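Remarks on the overall topology
Here are the chains, one letter per residue:
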Amino acid sequence: GSFLRERGEKIQHSDDVTNATSSNTAPDSFAATIRQSILKCWTVAKRNTITIIRKCKGANNEPPPPMSAFESLWSFLGCFMSLLMLLNFSNAITKQNPALSLVTGPFGALMTLQYNLTAAPASQPR
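Residues numbered from 1 in each chain as written. Predicted model: local features only at pLDDT ≥ 70, side-chain atom pairs only at ≥ 80, totals over all residues. Heavy atoms only, no water.

1. As for the overall build of the protein chain
Regarding its fold elements, the protein chain presents 4 helices and 0 strands. Along the protein chain, helices and strands appear, N-terminal first, in the series α-α-α-α. Contacts in the protein chain between residues at least 24 apart in sequence constitute 42% of all its contacts with a sequence separation of at least 6. (Helix = DSSP H or I, 4+ residues; strand = E, 2+ residues; numbered from the N terminus. Contact = heavy atoms within 4.5 Å.)

Pasting the structure below:
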């Protein structure tokens, strides 16, 4: 009670100096300030959501060109051999010290982008 009244009087005092001592309008002013803050937050959240949705639609880019069977075969072999070498490296580390290991999940995603999506915007350097 007293915190809200005190806070409301401060807000009321900054809005209208002549009615600063009026305790009847202080809670109303505080509630109005809260409503304005909520409305402002809602407006910003709505604008940001619309921006995110627009970005998710893309920039009207064309899909990457399809790969030939020969390129697909080389991509498969490149991913397979690279991940096989990383797995052997991880096993060698684990044999030396069982508490250590190499997390290979991120390497799989990286290999996919490097070998299979070379023309896609996602795999281009920025």
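2. Describing the side chain of Ser75
Among the secondary structure elements, Ser75 is positioned in helix H3 (residues 69–96). Once residues within four sequence positions are removed from consideration, Ser75 is found in contact with Met67, Tyr115 and Asn116.

3. A look at H3
Across its 28 residues, H3 extends 41 Å between first and last C-alpha, which sits within 8% of the 40 Å expected from 1.5 Å per residue. Those residues of H3 not exposed but buried are Ser75, Gly78, Cys79, Ser82, Leu86 and Ser90. In this structure, the buried residues of H3 make contact with helix H4 (105–116). (Expected span 1.5 Å × (residues − 1). Buried < 20%, exposed > 50% of the residue type's maximum accessible area, 1.4 Å probe, protein only.)

4. Some thoughts on the confidence of the model for the protein chain
When pLDDT is averaged along the protein chain, the result is 76; 69% of the residues meet or exceed 70. This stretch, residues 1–23, has a pLDDT under 50; its non-local contacts, to residues over four places away or in other chains, come to 17 contacts. (pLDDT = per-residue confidence, 0-100.)

5. Comments concerning the packing of aromatic side chains
Using the criterion set out here, one finds 2 aromatic pairs in the structure. Arranged with centres 6.1 Å apart and planes meeting at 80 degrees, the rings of Phe70 and Trp74 form a pair that is edge-to-face. Taken together, the residues span about one helical turn, with Phe70 and Trp74 both in helix H3 at a distance of 4 residues. Here the two residues Phe70 and Trp74 agree in accessibility, since each one is exposed. (Phe/Tyr/Trp six-rings, centres within 6.5 Å; stacked < 30°, edge-to-face > 60°.)

6. Concerning the packing of H3 against H4
Between H3 and H4, whose axes approach to 9 Å, the crossing angle comes to 150 degrees. Overall, the two elements H3 and H4 adopt an arrangement that is roughly antiparallel. In this structure, the crossing between H3 and H4 has a hand that is right-handed. From H3, Ser75, Gly78, Cys79, Ser82, Leu83 and Leu86 reach across to H4, where they touch Phe107, Gly108, Met111, Thr112, Tyr115 and Asn116. Residues of the contact of H3 with H4, tallied by class, amount to 6 nonpolar, 6 polar and no charged. (Axes fitted to C-alpha atoms, helices over the stretch in contact; angles between N-to-C directions. Parallel < 35°, antiparallel > 145°, perpendicular 65-115°, else oblique. Left-handed = near helix turned anticlockwise from the far one by under 90°. Nonpolar A, V, L, I, M, F, W, Y, C, P; charged D, E, K, R; others polar.)

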